[in-house]
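Geometric and topological summary
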Amino acid sequence: MTYRPLHDGWTLSSQDLAPDVKEVPATVPGCVHTDLLAAGLIDDPYLDDNEHRLAWIGRTEWTYRTAFTWSPDGHERTDLICRGLDTVATITLNGVRLGGTANQHRSYRFPVRHLLRAGENTLEIRFSSAYDYAEERRAALGERPSPYTEPFPFIRKMACNFGWDWGPTLVTAGIWRPIGLESWSGARLAEVRPLAYADGTVDVHVRVERSTEEPLTLSAGIAGVTAEQRLDGRSAVLSLKVPDPELWWPRGYGDQPRYDLAVRLGGDEWRGKVGFRSVELEREAFTLKVNGVRIFVRGVNWIPDDCFPARVTRERLAERFGQATAAGVNLLRVWGGGLYESDDFYDLADELGLMVWQDFPFACAAYPEEEPFRSEVAAEARENVTRLAPHPSLVLWCGNNENLEGHADWHWQDRLEGRSWGAGFYYDLLPAIVAELDPARPYWPGSPYSGAPGLPPNDPARGTIHIWDVWNREDYTRYAAYRPRFVAEFGFQGPPAYATLRRASSDEPLTSDSSHQKAVDGQAKLLRGLGEHLPRPETFDDWHYLTQLNQARAVAFGVERFRSLMPWTMGTIVWQLNDCWPVTSWSAVDGDGRRKPLWYALRRAYADRLLTVQDGELALVNDTAVPWTGELRLVRQSLAGEPLAKEVVAVHVAARSVTRVALPKSVAEPDDPARELLAARLGASRTVGFYAEDTAVAFPEADYEAHAERSAGGYRVTVTATTVVRELALFPDRLDPDASVDDQLVTLLPGERAAFHVTTARELDAAALTGFPVLRCVNEAVRS
């Protein structure tokens, strides 16, 4: 068997280009937007308001064309393999139509041996407008309820391409995954689906395409164990048993060993890795168990990391996954408005011990179940369940995002007038496919969901919930009113890093309106969300710092609340880890990959061990495999640092548990809430709490000494506090866009010191590094 990529020599053309532009060079894999950008024909869609001026691209027909030479290679058959076409495509080879496609989420294979000719061959792929296709089907099948006017439910394509409350409307087209020719003779491995179990068993399901009826020999090997079988038909199962396998564990629970598996059929070979582990779901409590151990999920939601997915490399994923693991995350939820992600995505998750919750690509809308959609959904689901089944990191299949809630609670039923809305996918088709192809992995019909179709989907008492009254209407302290079993979405907005905003906007000077903002009333909600927690900003610099800080506090408040409820609550999945472009959003890492203050707050809230004040008690959260013991020291003190009351409590927190300690009256009740604070410490863990909101605290004007000096890889910034310093933050990207800092949002008590490491390759002004607006705190000196 031979494979030849066809990634070179492509051009892009359209009748809608300028008359003097016949065609432009095209990069494959890629898309129209990135090709036009590389050719200098459009401005960057992510900057200023360019998104709106480029809407015509999604309503245009585009043609990709290449020529390649070919000579007979001795094989019986040759297939054109298209790993990903986005989306409505017609493929022709040497003027002969091979077929049409209308699904971004699957691959296609076309036999082409009879059409290839010695010498030059021409391959052409014409992409029709995704809008035209979707709008035609909407007209034929009838409107379906959706939060947006865009027709995304009527095409099997990444939904957020059509815009979302954090993303731009950039409707793409192109050859977005590899394309090439595969030649073979006799037989080939059409499908290999290994299912690995915790007892060391690997059942290798194989499907074969063959051009001969001669007997074939199928073999497989793993860890020195081999199996072989004579194959007369077109499918087989080889079972192997590895003795005493090392188990794959989520990060924080053990190691992530994987085993090399090889499957051979004549000259064709499949190679991959598997991990041995079991996964179960306690359905009412919605608790994941891996290898029999209940796991508290410290999760984040994942959206496509770029509107143009071909730009997302393995290196970029590794950086983003590194940011997730460094923040204490152990699960990524691949959200239903995006994609089945790349092989690199799941391979890295396996390697790092990051569990993956995979939504099928349906989100926030009613979807038609009529043809051609039912067949396309079945095809994409079968292909991707088969592709992803070997990955031990994948712990859950989920039918959709918010569609069950939409049908129950968003007034869809009257508007549907009896039309299909997706129930047949979520309750019948998809679970049947998972049960057939991946039977040992749990399936959940949607999120939020309470475990049965007749129950309210967003019931905190069972299953999963999404909490969006906070952000949309309520103060973030409302999280304390919830006692959920599992929170699969909750979050709060904040702007991107300064350097990201500066790159994305040409405004001079920057204002709060310079950032992209897609959420309804988003800017007003940002200010309303400050509530009594923080002062109202009067300048852009204050707006940027205070709204970023408030985002960090809001999400940390929710995470700490829900972690304190373990084992009743067994998971939180923050909305969201990442962004696809520069925008004010709910992300912890912005669209340029910079960590926002939320990321640092999340790292503290998702730490293995956590101290958090809840309901007049101190909750001691121990998410490690060993007990947490010692003397808990509680100090009520004045803002000036004078101890007013002290208590010492001997504590023992069992592994993977929470212990609550009632605060003694001497430290629970202040004499003057505006002038006192509570400090709690157990070993290396500390928390500082105030008895009033910041706007009601009589903070002294912050007094501290700050010094910056050169150190390996950048600068060391040392801050020594004379007074209390509230939420000290350092923003070195204001001086160097590539600079970053190792910590943020540090509260110092009088006499305490903090050291920050700034990573930068540039020479920075030390005075600027330790002054406004780079160094900030809540109670900083009032500026004239």
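Everything discussed here concerns the structure shown above.
Counting of residues starts from 1 at the beginning of each chain's written sequence and follows it residue by residue. This being a predicted model, a pLDDT of at least 70 is required before a residue's local features are given, and a value of 80 or more before pairs of side-chain atoms are given or counted; all residues contribute to the totals for chains, interfaces and linings. Remark: hydrogens and water are excluded; side-chain values derive from all non-hydrogen atoms of the structure.

Quick look at helix 5 (residues 343-352) now. For every residue, the accessible area (1.4 Å probe, protein chains only) is compared with the maximum for its type, and the residue is labelled buried under 20%, exposed over 50%, or partly exposed between those bounds. Where helices and strands are cited, they refer to DSSP runs of H or I of at least four residues and of E of at least two residues respectively, numbered from the N terminus. Residues of helix 5 that are buried: Phe345, Tyr346, Asp347, Leu348, Ala349 and Asp350. Residue contacts follow a heavy-atom distance rule, with two residues in contact if any of their heavy atoms lie within 4.5 Å. Residues of helix 5 that are buried in the fold lie against strand 23 (297-302), helix 4 (314-326), strand 24 (331-334), strand 25 (355-359) and helix 6 (373-388). Downstream of helix 5 by a residue or two, Gly353 has a phi angle that is positive, lying close to 75°.

Quick look at the sheet that holds strand 18 (residues 259-265) now. With antiparallel pairing, the four strands of this open sheet are ordered in space as 16-15-18-19. Each of the sheet's edge strands pairs with one partner strand only, and the pair in question is strand 16 (225-231) and strand 19 (268-274). Mean inter-strand twist for the sheet, computed between neighbouring axes without regard to direction, equals 15°. Any two strands between which DSSP finds at least two bridges are classified as paired. Bridge count for strand 15 (residues 216-222) against strand 18 is five bridges, and the pairing is antiparallel. By the bridge assignment for strand 18, Ile222 is matched with Leu261. To obtain an axis, a line is fitted to C-alpha atoms, over the contacting stretch when the element is a helix, and the angle between two such axes runs from 0 to 180 degrees between their N-to-C directions.

The subject of this paragraph is unusual backbone geometry. Residue Pro29 is bonded to the preceding Val28 through a cis peptide linkage, with omega at 0°. Mapped onto the elements of the fold, Pro29 is located in the loop between strand 3 (24-25) and helix 1 (32-38). With an omega dihedral of 10°, the bond running from Met566 to Pro567 counts as a cis peptide bond. Within the fold, Pro567 resides in the loop between helix 13 (540-564) and strand 30 (571-574). Notably, Asp48 is not glycine yet its phi reads approximately 45°, a positive angle. Its identity as a non-glycine residue notwithstanding, Asp244 has a phi of 45°, on the positive side. With respect to the helices and strands, Asp244 occurs in the loop between strand 17 (235-241) and strand 18.

Take helix 3 (residues 130-141) next. For helix 3, spanning twelve residues, the distance from its first C-alpha to its last is 16 Å, which sits close to the expected 16 Å at 1.5 Å a residue. If you check which residues of helix 3 are buried, you get Ala130, Tyr131, Tyr133, Ala134 and Arg138. An end-on view of helix 3 places all buried positions within 165° of arc, on one side of the element. The exposed set on the far side of helix 3, more than 90 degrees from its buried face, consists of Glu136, Ala139 and Ala140. Tucked into the core, helix 3 has its buried residues touching strand 7 (88-93), strand 8 (96-102) and helix 6. The backbone nitrogen of Tyr131 lies 3.1 Å from a side-chain oxygen of the residue at the head of helix 3, namely Ser129. Taken from the residues just after helix 3, Gly142 is the one with a positive phi, measuring 100°. An expected span of 1.5 Å times one less than the residue number is assigned to each helix. Throughout, the arc means the angular range of directions from the helix axis out to the C-beta atoms. A 3.5 Å cut-off defines polar contacts: any pair of N or O atoms within that distance qualifies, except that in protein one atom must be a possible hydrogen donor and the other a possible acceptor, and neighbouring residues in sequence count only when both atoms are side-chain atoms.

Moving on to the layout of surface pockets. In this analysis a 1.4 Å probe is tested at points of a 1 Å grid over the protein atoms alone, and where it fits but cannot get out there is a cavity; an open set with protein on both sides within 12 Å along at least five of seven lines is a pocket; lining residues have an atom within 4 Å of a point. Grid points are joined across faces, edges and corners, and a volume is the space filled by probe spheres set on the points. What the second largest pocket holds in volume is close to 1600 Å³. Lining of the second largest pocket is provided by 42 residues; of these, Glu560, Thr687, Val688, Gly689 and Arg726 occupy positions nearest its centre. Of all the secondary structure elements, the ones that give two or more residues to the lining of the second largest pocket are helix 13, helix 14 (597-605), strand 31 (609-614), strand 36 (676-682), strand 37 (685-690), strand 40 (725-730) and strand 42 (746-748). Only Asp, Glu, Lys and Arg are considered charged in this grouping, and only Ala, Val, Leu, Ile, Met, Phe, Trp, Tyr, Cys and Pro are considered nonpolar; every other residue, Gly among them, is considered polar. For the lining of the second largest pocket, the residue count by class is 20 nonpolar, nine polar and 13 charged.

Once that is clear, we can look at the sheet that holds strand 20 (residues 279-282). Within the open sheet, the three strands sit side by side as 20-21-22. Their pairing is antiparallel. Only two strands of the sheet have a single partner each, and these edge strands are strand 20 and strand 22 (293-295). Geometrically, the sheet is characterised by an average inter-axis angle of 35° between neighbouring strands, direction not taken into account. Where strand 20 meets strand 21 (residues 287-290), four bridges bridge the pair, whose relative direction is antiparallel. Note on strand 21: the bridge partner recorded for Leu281 is Leu288.

The subject of this paragraph is the pairing of strand 17. Covered by surrounding structure in strand 17 are Ala236, Leu238 and Leu240 only, the residues Ser235, Val237, Ser239 and Lys241 on the alternate face being uncovered. Relative to strand 17, strand 14 (residues 201-210) runs antiparallel, the two being bridged by seven bridges. Residue pairing for strand 17: Thr201 is matched across the bridge by Lys241.

Along the chain, the position of Leu610 falls in strand 31. Residue Leu610 is classed as buried on the basis of its relative accessible area of 6%. Separated by 182 residues in sequence, Leu610 and Asp428 have C-alpha atoms that sit 42 Å apart. Residues contacting Leu610, with those up to four places away along its chain left out, are Glu560, Arg563, Arg604, Ala605, Ala619, Leu620, Val621 and Trp628.

Let's shift gears to the packing of aromatic side chains. For any two aromatic rings, the description comes down to two numbers: the centre-to-centre distance and the angle of the planes. Each Phe, Tyr or Trp ring (for Trp, its six-membered ring) is paired with any other whose centre lies within 6.5 Å, and the angle between the two planes then decides the class: stacked below 30 degrees, edge-to-face above 60, tilted in between. Taken as a whole and judged by the stated rule, the model has 46 aromatic pairs. We call a charge positioned above a ring when the Lys NZ or Arg CZ atom is no farther than 6 Å from the ring centre and deviates by at most 35 degrees from the ring normal. Over the ring of Tyr133 we find Arg137; its NZ or CZ atom is 3.7 Å from the centre of that ring. Directly above the ring of Tyr253 sits Arg656, whose terminal nitrogen or CZ lies 3.7 Å from the centroid.

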